[in-house]
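Given next are the chains, with one letter for each unit.
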Amino acid sequence: PHKPADHVFLNKFDRPYTKDCFVRKMDRLRKRAGIEAKAGEQVVLYSNRHTYGTEKSARVSSIELAELMGHTDVRTTQRYTHFNVERLQDIQRRAQGG
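As the structure is a computational prediction, the values presented were derived from the model and not from experiment. Per-chain numbering applies: the sequence of each chain, read as written, is numbered from 1 onward. Only residues with pLDDT of at least 70 are given local features in this predicted model, and only at 80 or more are side-chain atom pairs given and counted; all residues enter the totals for whole chains, interfaces and linings. The basis for every side-chain value is the complete set of heavy atoms in the structure, and neither hydrogens nor water enter the calculation.

### Topic: the confidence of the model for the protein chain
Step number 1: On a range of 0 to 100, pLDDT expresses the predictor's confidence in each residue. Across the protein chain, the average pLDDT comes to 79, with 85% of residues at or above 70.
Step number 2: Within the protein chain, the element-level pLDDT minimum falls on helix 2 (residues 45-57), averaging 80, and the maximum on helix 3 (residues 62-69), averaging 87. Helix and strand definitions follow DSSP, with helices as H or I runs of at least four residues and strands as E runs of at least two, each counted in order from the N terminus.

### Comments concerning the pattern of salt bridges
Step number 1: Each salt bridge in this description consists of a side-chain nitrogen of Lys or Arg and a carboxyl oxygen of Asp or Glu lying within 4 Å of one another. Per the counting criterion, the structure on display carries 6 salt bridges.
Step number 2: The closest approach of N and O atoms between Asp20 and Arg24, which form a salt bridge, is 2.3 Å. Remark: Arg24 and Asp20 occur in helix 1 (residues 19-33); sequence separation between them is 4 residues, near one turn of the helix.
Step number 3: In this structure Asp20 comes out as partly exposed when scored by relative accessible area, which is 46%.
Step number 4: Exposure is judged per residue with a 1.4 Å probe applied to protein chains only, and the accessible area is read against the type maximum: over 50% gives exposed, under 20% gives buried, and values in between give partly exposed. Looking at Arg24, the relative accessible area reads 41%, which means it is partly exposed.
Step number 5: Taking the shortest distance from any N to any O, the salt bridge between Arg75 and Asp73 comes out at 2.7 Å.
Step number 6: Assessed through its relative accessible area of 63%, Arg75 is described here as exposed.
Step number 7: Overall, the relative accessible area of 26% leaves Asp73 in the partly exposed class.

What follows is the structure in structure tokens.
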């Protein structure tokens, strides 16, 4: 359990990083990795969280994902679940016994 005031990342002065600091750090990491924006898309800190949520959504239930992501409402978790046509076809094949 955590409180909204709790912070995961603290700087060397034991103070929470600011949003601007994270944006600058992600920008430097993106440039160092050679990742360029496509069609206006940017790699930001939130991208990591969204990728994690999207990848886990295929492996755990919505309730479990909500817990992992720290969501208090499963409806918030739904933005991470995307239809995967291949996965749906595989489920359908298995349901039909093939």
